Structure formats: structure tokens, C-alpha cells
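# Structural overview
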Amino acid sequence: MANNYPEHAPVLAAANYWAERCLLHDGSVFTEEKFWTMEVLEEFKVRFVENFLEDKRGFMEKLEEQLKGGTPQLCKFTSELMWVLYLFPGILMSAKKKSEQVKQIWGWSGETFPGDPLQPAAFNEWIGHPGTAFNTHRWREVGYLWRVVWSFKKLGLELRQSLLADPWKFAEWLDRIEDSTQRLMRNILLHLIFPEEFERIASKNHKLRIREAFASKLDGTDSARPEYLAGIASCDWEVLRIRKKLESESTGIPVDFYEEPYKEVWQGAQVPESGEGTVKEDPVPYGKRHWVIAPGASARLWEECLEKGIISVGWDEIGDLTQYANKDEIRDALVEQFGDNGSYMNNSLALWDFANSVKVGDVVYAKQGTARVLGWGIVKSDYEFDTLRIEHQHVRKVEWKNTREVALPEPSRIPLKTLTNVDGHPKFLEFVESFYEEDEGGTVEIDPTLRQYWWLNASPKVWDFKELPVGGTQDYTAINAKGNKRQKYKYFEQVRPGDIVIGYLTTPVKQIVSICEITKGMKETKGVGFEFKKTEDLAKPISWEELQTMPQLKDCEPVMNNQGSLFKVTTEEYEFLRSLFDEREEVSPIPPYSRDQALEDLFLSGDKFDRILSLLKRKKNIILQGPPGVGKTFVARRLAFALMKQKDEGRAPMIQFHQSYAYEDFIQGYRPDGKGGFFLKNGTFHTLCRRAERDLGRDYFLVIDEINRGNLSKIFGELMMLMEADKRGPDYALQLAYAESIEETFHIPENLHLIGTMNTADRSLALVDYALRRRFAFITLEPEFSSAKFREQLEKRGADGDLIDRIVKRMNALNQLIHDDSHNLGWGYRIGHSFFCPNGTLPDEEWYEQVIEFEIAPLLREYWVDDESKAEAELEKLLS
């Protein structure tokens, strides 16, 4: 076909360039950037595919709104995606208009279009006219093109290369994509990438008519035909064979079906009806097909099917199905037998497919209604008409592989028909195959659109969502205290990991308070119930009274009747509630925080502050030690804020160790549950580690005041090793003392830092464990009475110069005396400058005397407890 129109060469070359650069790899058509990536594809999915705007505005106007707020890469990707869309069609849109739109979309990224020569070269010519529907339903074609790229990128590089090297395998793969046979871009893509094998025909119906009109040109045998071809791909193969036959008859002159005399021949042909052995419209995966079948009304014959290893259908009265040439004859037989009181379209198709389309090796799923699968198996025999059976005499043998029931969420449900081919129902296959693959030890990431939503009631008199920390898990049994199945037990059977749970507290609270996620279902708990993890506490709970006034929830199951524990919530209901949660979340913007801000009112030099920051980044654990009053805690928080570049106190909480502080407070331990039992509760450090782990892009800090007041070896326990900077992350995870299983491990994330403070003058302290010492960097903070910043701080607050001189001179003299008294005291007992940092008080003589009398005097009397006269003499020097 390429030889027929040499002017198409630039377009086809551009398409080939795109397939290599973008489809096979992650590059760009116009630049050396990489934005045909899964990350950008996922962003496009959220902003365009799942964000349909149903109004009368034009395509470009709506597209701009959909992309607004996205990354620059998203706009560039969309520009190139539209470029691909515009390669083939002509007449409806000029080359100038196409080029303008591609450049306009690129411009939304904030960058100038690079002006690559491929862009105008590709648009100067066009290949075909797909019709006005292509333009009218442009958003559908864009969505389909995205779906093709997204699915292709999920494949390994080797498989992608093999598909692009084989046009028929690529066509067979392409027809597995949802909505493939209905989209014009399916046929356009095949011609752009494989112009020698696929015609410049965008319309599926045109291909079917050509095949029908020139059927006489096909030989009865075709040994070269790939066995896996079916559906429209099979038609593509036959059209290619027809064209080659016609060209051989015309001594090699290229054939174009849109030119005479060929166009006149096929234009009046009728499109053949699918299912009659000619063209199958449903996409068929390579090697096997997938079917859903009902084993009798309401699955009443399911047990017999399992016992005998069969699957069967009814309508025995019309006899052996192999006697009918097509499904029309089956339909006529049904009419004759049962009367002309229906079309019998579905029944005749089911019977035809059961006898002819289902093949040995195909997968069958037994169903009950539209929302429950009972099991699956492999077809092991051809069709048989068994007259020895009392009913359901149309039979095939099946090897049933798994009979665990699965409830289908709404997006994956299938039609209420006796037999349905589900290769065109990707959501059904993804959900069901992942469900059964779990039984084989496999793991499959479920499409988020298949996630289910639940509402769980908790009575505060029994247990409370609020008592469960964020990140904590909770079991909920499917059997109540009396040993009976809970109301709506069927819901417990449907719950799966990844589902979302709305946490509601009943009387007297009567509020939605939390959001949780299912971590284990009935399968994982061996039928006991399910486990969930709390992911969020609502800043502003929603009351029962409010819920009852919302028209969007008038049909919501738990709002209509709240008697019970577990309720189903639709996707629309959850999304409405989620919007309410987000609206109520009053998150004040966290102010930025700079190094200069951190140094304000600190008496440290900038160089020393920077050295401490560097140590904290490298070592991850530091201890600020020093005498009382040198501002250790004050400095600790500022170090954290400086590294975060935000004054986010939530990411830098502070605790204080003491003699009674234990491992159970810090890591985890059992606590009374108020019902005579105990539950495992995570401690402060455990909770912060899990929070930091969920937010690895940002730094977290734990400030431990008076760190050496606790029994550090007992508090840190087995985490002594994990604290080291090079032992962070899941590779070094270990089992905690209270772990409930060997699989339950714990690690400290790389983005969590520890800042301890240690008062060197506390006589009650034990020595810090040497094993712990080497895991921390120790920084000594000194009294800074001689610092220029100390003087500036007092002057700003109105202190008299003489008073400042007295404070500096007398406190330096006192500290020197304490330092020299190495037998009783020493450097660690000096007195810090923070005693003389007034907080909202005028630093005058009265203020000075109060500091000495009520803060310094008790300290000195404690220092010289055995020499009271010494303490009094020094106090007199300070006050004279």
C-alpha cells in the first residue's frame, strides 16, 4: 500500500519514528525529553480519561480545563498524543489547524513549542478520511489511544519489541484492548505502523463489506494464516489476501479499495452478522477464550456440574445442536418449539457458541446472577448431546480448578445471559483472575476502579475507632459473641484487601470519625472475619443528623437503616462523602522556614549551626548536651525546622524520657482494653516511623528531651542496631518483641532523625550506654554570655547597658568558679544564658533580682548542698 501513494511516505515515516521513540521507549517526538512514561500516562488517566466533562463546550476548551494544574510533561505528552491522532485523517481539518492545536497544547506547559521538522512534514499530507464521527467523538479516540499506549507500556521491553516486529501478533494483542473493535483508531494505528499489511481504511464496516464482496477471491485453504487470528483481525488477514489476489490478476498494479473499479463492487455489500462463522466482533486473546456460563437457573445445577466434571445448558427440545448450520437456524427451531413470543437472540447465540465457539482449552466461569462467580475450570471436551440426561442435555466436560466464590463489584459485573464471552470485559477478567491468582500464591495489583467501599459501625461502649492510632490495625470478626453469623454476613465474604472502610461511631457519639483500609479479608483470616488499618482521622467528624439531611445519601444503605455492623457503600456515595471530608479538612498552610530564621535569637554562630545540621543529615541521630539553661530544646526544634525548610511541628514532635518510661511506651506493648483483656498498642516512636515511611519524600524528626533520664537500653531494645544511619530501610527490618508472627517486621525509615537533649548537671542520671553513644553524634552547647547576640537580644528588649554588663561579668565569673571546682562540679554544671532571656517581661533590676532569687539561687544551693555558706556567698556577689 505504501507504494501506491508515495506522498504518504513522510506521514508513515513519522509514525514509525513515534513507535520507536515513544511507544517502544519513553522518549519524545519533538525533543530529547522522556515523558511517554507510566507516570505521565497515569496523570493523563486521572485528568482526562477519568475526568469526563459533559457540557457543550468545544474539545479544546474542555481539554485545557482538564489539563490545568498538571505537570509540564503532561501538556507536552498530550500535544504529541494529539499529533499521533492527527497523522491519518484529512478533509475535516487542515494541516494548519492541526499544527495550531498541537502547538497550543504544548504551550499550556509554559514552554515554547520546539518547532521540530517532523510536525509540519507529517501534516502536509493525509492518508484517509475516517468520517465526521472521528471528529465528533475525538475524546473517545483520544481515550482509546491512551489506553493502547498504557497497556503497551505495561509489557516488558522484549515483548513490546516482538509485537512491533509482527503485524499479526500486534493486531491480535490490540484487539484485547477495551473498546478496540469500536474505535477508528484501532484500524488507523495498524495502517500507520504496518502499512504493507493493513489497508488505509479506518472503518471496520468497510473492511467487512470488502471481505464479503470479494469473498470469491479467497482460497479454501490458507496454511499461512495464524491460528490465533479471530474477530476483525481475521477480516484484516482476508482483506490482505483479497488485495494480493486482485493485484496478481491486474499484473501487479497496486489496488486501493477506495478507487474504482473496486469501490463500486463493495459499497453496496451488506455487513455480515457476527457469530455465523464469518467474522467475530469480540476481541479474542491468544490461545484461549474466556466464558461465563450459568449452571441452570439460580445456579441450581452447580453441585452436579462439580460432581460430574461438566457444564451444561438447556433447551433440550431442539435436539443436537450440530444439525444447525448457523444461529439463525437455531433461532427458528426455538420459535417453532416454544412459540413466537420473543426474539431468542441471546438464547440462539448462547447455544451456537456453546456448540461451536467454545473450544477445548477455553476457560469457563460458573456464575450465579450477574454479581457472583462460583468457580472456574478448563474445557476438556467438544460439545456432546447426551440424551441419557434428564435435563440439560447439551454438555461439555470441564476440569474445575477452583470453586471459591467471589462477589463482583459493580464495575466488573457481567450480563444476565446464559453464556457470555468475556474477553471484551477487561474489568471482569482483571478482578476475577486476580482473586483466584491469590489462591495460587500470586499477587496482582487490582485496578483502583474495582475497589469496594464499606461502612463499619463501632459502639464506643465496646470499642472505639479513636483509640486506634493512624496506621494501627484492628480485627473484626464475622461471628458475634453468641457464635452467630453477623447480620449481612455476605458482605464479610465480599470484603477484599485494598477496600476502603468508613469508620462510624454509634450512640452516643453518632459520627463518621475515621477512614480505614482492609488489609486482610475472609480468605486471609481463614473465615474469621477481616482486618483493617486506620489510614486517617477526620479533623471534623460528620454527624448522623447532617448525614440524614443530604439528598445524595437518601439511598445509602447505612443511612436508610443503621441496624447492623457492616454496610455496602456505592462508589458515588463514597466519593460524595470523600468530598465532604476534604472540604472540612482545614489545613493551615505550613509557613516556610529558612536558616536565617533558625538563627534568630540563637546565640550560636552560623558556622556551628551549619556543622550541626551537617552532622544531623549524615549521622541521623544527635544529642545536644550541656549545662542547664543553654537552650538545648530550643536549638533542637530549630534544627528540625531548618532541615525541613518548614515550621511543621507535626513532623517534629517532642517527648521526654524519665525513669518510668519504657519500651512499651516508645515502641509497642500490651495495654488494658477496658473489657478485662489487653490489646497491642504502638508507641510514639513506632507510630512516627510508620508515618514517616508513608511520606518518604519529606524529613521527620523526634526530639527526645532529657534522653539520659530513661533506661536507654531497655527503651530502645532491639532497635539499637536499626538506629545506625546505614541500617535504615526495609532491608534491615527485624522482628519486634511483641510481633504476632514471624512475617511481622519493623524498620526505621531513612527520613526519620532523632535529636536528643542531655542535661550534664543532673546528678540523678546514669551513664549513657556506650553502644548507644556510638550511634549518636554529641554536640556540646555552651553558656553564651559573652556572645554579641546575647547582648543584642537584651538590648532589643529594653535592658540597660549597665545591667547587661553586670549579667555578663558576674555570670562568667560564677561559671568559671563552677568549672574550676572539678572535685564537686565542673564544666557540665555551669549555668546557661537562657535564664536571662526574658519572655515578654521588661529586663530591669526587679526582673534580674527575681531571676537570681527564684531560679539561680535554688540551683546553687543544690550544687553546694554540703557548703551552704559557699552558695550564699556567691548569691551575694550576684545581687550586690
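The structure presented is a predicted model; accordingly, all values stated were derived computationally and were not measured.

Further remarks concern the overall build of the chain. Summing up its helical and strand segments, the chain has 33 helices and 21 strands in all. Within the span of the chain, comprising 880 residues, buried residues form 51% of the whole. Relative to all contacts within the chain whose residues are 6 or more apart in sequence, the contacts with residues 24 or more apart total 68%. As displayed, the chain offers around 41300 Å² of accessible surface, 48% of which is attributable to carbon and sulfur atoms.

Counting 70 residues, the largest nonpolar core has Trp18, Trp36, Trp83, Phe170 and Trp173 as the members making the most contacts within it. It is helix α1 (residues 9–24) that contributes the most residues to this core, 9 residues altogether. The next biggest cluster of nonpolar side chains, apart from the first, holds 31 residues, and it includes Ala761, Met811, Ile831 and Phe835.

Further remarks concern the pattern of salt bridges. Within this structure, the stated rule accounts for 41 salt bridges. With a closest N to O distance of 4.0 Å, Glu531 and Lys520 form a salt bridge. With Glu531 in strand β13 (residues 529–543) and Lys520 in strand β12 (residues 511–520), this residue pair connects regions lying 11 residues apart in the sequence. The exposure class of Glu531 is buried, given its relative accessible area of 14%.

What follows is about helix α9 (residues 157–164). What α9 keeps buried is the set Arg160, Leu163 and Leu164. End-on view of α9: buried residues confined to an arc of 95°, all on one side of the axis.

Looking at the chain, the pLDDT average stands at 83 and 88% of residues meet or exceed 70. The model gives residues 273–287 a pLDDT under 50, and that stretch makes 43 contacts with residues more than four places away or in other chains. Segment residues 440–447: pLDDT under 50, and 10 contacts once partners within four positions in sequence are set aside and those in other chains are kept.

Pairing is mixed in the open sheet, where 6 strands are placed in the order β10-β13-β12-β11-β9-β14. Only two strands of the sheet have a single partner each, and these edge strands are β10 (473–477) and β14 (566–569). If you compare each strand with its neighbour and ignore which way they point, the axes differ by 35° on average. As paired elements, β12 and β13 share 8 bridges and run antiparallel to each other. Note on β13: the bridge partner recorded for Cys516 is Lys534.

Moving on, we come to the sheet that holds strand β20 (residues 752–759). Adjacent strands of a sheet pair through backbone hydrogen bonds, lying either parallel or antiparallel. On the basis of which strands lie adjacent, the open sheet formed by 5 strands has the order β16-β19-β20-β15-β21 and parallel pairing. Looking at the sheet topology across the chains shown, the edges are occupied by β16 (654–656) and β21 (777–780). Geometrically, the sheet is characterised by an average inter-axis angle of 20° between neighbouring strands, direction not taken into account. One ladder, built from 3 bridges, connects β16 with strand β19 (residues 700–705); its direction is parallel. Paired with Met654 across the strands is Val703, a residue of β19. Lying on the sheet, helix α27 (residues 684–693) is in contact with β16, β19 and β20; it crosses β19 at an angle near 165°.

A few words on the environment of Arg810. Position of Arg810 among the secondary structure elements: in helix α31 (residues 801–820). Contact partners of Arg810, with chain neighbours within four places excluded, come to Tyr848, Lys877, Leu878, Leu879 and Ser880. There is a polar contact of 2.7 Å between the side chain of Arg810 and the backbone oxygen of Leu878.

Orientation of α1 relative to helix α11 (residues 184–193), taken along the N-to-C sense of each, is 100°, at an axis distance of 8 Å. Classed by the angle they form, the pair α1 and α11 counts as roughly perpendicular. Counting all contacts with α1, which are made through Val11, Leu12, Ala15, Trp18 and Leu23, the residues of α11 involved are Leu189, His191, Leu192 and Ile193. Among the residues forming the contact of α1 with α11, the class breakdown is 8 nonpolar, 1 polar and no charged.

Moving on: the packing of aromatic side chains. Any pair of aromatic rings gets described here by the distance separating the centres and the angle formed by the planes. Summed over the entire model, instances satisfying the criterion amount to 50 aromatic pairs. Taken together, a centroid distance of 5.4 Å and an interplanar angle of 70° make the contact between Phe152 and Trp173 edge-to-face. In this pair, Phe152 sits in helix α8 (residues 138–153) while Trp173 sits in helix α10 (residues 167–174), placing the two residues 21 residues apart along the sequence. Using a relative accessible area of 7% as the deciding quantity, one classes Trp173 as buried. Connected via pairs of aromatic rings, a cluster forms that spans Phe152, Trp168, Phe170, Trp173, Phe194, Phe198 and Trp237. The cationic tip of Arg651 hangs over the ring face of Tyr700; the distance from NZ or CZ to the ring centre is 5.8 Å. It is Lys870 that lies over the ring of Trp864; its NZ or CZ is 5.8 Å from the centre.

Each regular strand carries side chains that alternate between the two faces of the sheet. Pairing geometry for strand β2 (residues 310–313) and strand β6 (residues 394–402), over 4 bridges, is antiparallel. Residue pairing for β6: Ser312 is matched across the bridge by Val395. As defined by bridge partners, strand β4 (residues 372–379) adjoins β6 across 4 bridges and the pair is classed as antiparallel. Opposite Gly377, over in β6, you have Trp400 as the bridge partner. Pairing analysis gives 2 bridges linking strand β5 (residues 384–385) to β6, with the strands arranged antiparallel. Bridge pairing links Glu384 to Val395 in β6.

A contiguous patch of negative charge, built from Asp844, Glu846, Glu849 and Glu853, is present on the exposed surface. With respect to the helices, strands and loops of the structure, Glu846 is situated in helix α32 (residues 845–863).

Attention now goes to the side chain of Glu706. Turning to its location among the elements, Glu706 is positioned in the loop between β19 and α28 (712–716). In this structure Glu706 comes out as buried when scored by relative accessible area, which is 16%. When neighbours within four sequence positions are excluded, Glu706 is seen to be in contact with Gln656, Phe657, Thr757 and Asn759.

Let us look at the environment of Glu50. Position of Glu50 among the secondary structure elements: in the loop between α2 (38–49) and α3 (59–67). Between the C-alpha atoms of Glu50 and Gly143, which are 93 residues apart in sequence, the distance is 9.5 Å.

Moving on, we get to α1. End to end, α1 covers 21 Å across 16 residues, agreeing with the expected 22 Å (1.5 Å per residue, within 8%). Three or more residues of α1 are buried, namely Val11, Leu12, Ala14, Ala15, Trp18, Ala19, Cys22, Leu23 and Leu24.

Because side chains alternate across β21, one face comprises the buried residues Ala777 and Ile779, and the other comprises Phe778 and Thr780, none of which is buried. Here 4 bridges tie strand β15 (residues 621–626) to β21, and the two strands are oriented parallel to one another. By the bridge assignment for β21, Leu624 is matched with Ile779.

The step from Glu260 to Pro261 runs through a cis peptide bond, and the omega angle for that step is 10°. Summarising the element assignment, Pro261 is placed in the loop between α13 (231–249) and α14 (262–267). The residue Lys620 is not glycine, and still its phi comes out positive at about 70°. Assignment of secondary structure puts Lys620 in the loop between α24 (606–619) and β15. Positive phi outside glycine occurs at Glu706, with the angle close to 55°.

Rules and cut-offs
- Residues numbered from 1 in each chain as written.
- Predicted model: local features only at pLDDT ≥ 70, side-chain atom pairs only at ≥ 80, totals over all residues.
- Heavy atoms only, no water.
- Helix = DSSP H or I, 4+ residues; strand = E, 2+ residues; numbered from the N terminus.
- Buried < 20%, exposed > 50% of the residue type's maximum accessible area, 1.4 Å probe, protein only.
- Contact = heavy atoms within 4.5 Å.
- Areas by Shrake-Rupley, 256 points an atom, 1.4 Å probe, with all protein chains shown as cover.
- Core = buried A, V, L, I, M, F, W, Y, C linked by side-chain atoms within 4.5 Å.
- Salt bridge = Lys/Arg side-chain N within 4 Å of Asp/Glu carboxyl O.
- Arc of directions from axis to C-beta.
- pLDDT = per-residue confidence, 0-100.
- Pairing = 2+ DSSP bridges.
- Axes fitted to C-alpha atoms, helices over the stretch in contact; angles between N-to-C directions.
- Polar contact = N/O pair within 3.5 Å; in protein donor to acceptor, adjacent residues only side chain to side chain.
- Parallel < 35°, antiparallel > 145°, perpendicular 65-115°, else oblique.
- Nonpolar A, V, L, I, M, F, W, Y, C, P; charged D, E, K, R; others polar.
- Phe/Tyr/Trp six-rings, centres within 6.5 Å; stacked < 30°, edge-to-face > 60°.
- Lys NZ or Arg CZ within 6 Å of the ring centre and 35° of its normal.
- Patch = residues over 30% accessible without salt bridge, like charges linked within 9 Å, V, L, I, M, F, W, Y side chains within 5 Å.
- Lys, Arg positive; Asp, Glu negative; His and termini not counted.
- Charge placed at Lys NZ, Arg CZ, Asp CG, Glu CD.
- Expected span 1.5 Å × (residues − 1).

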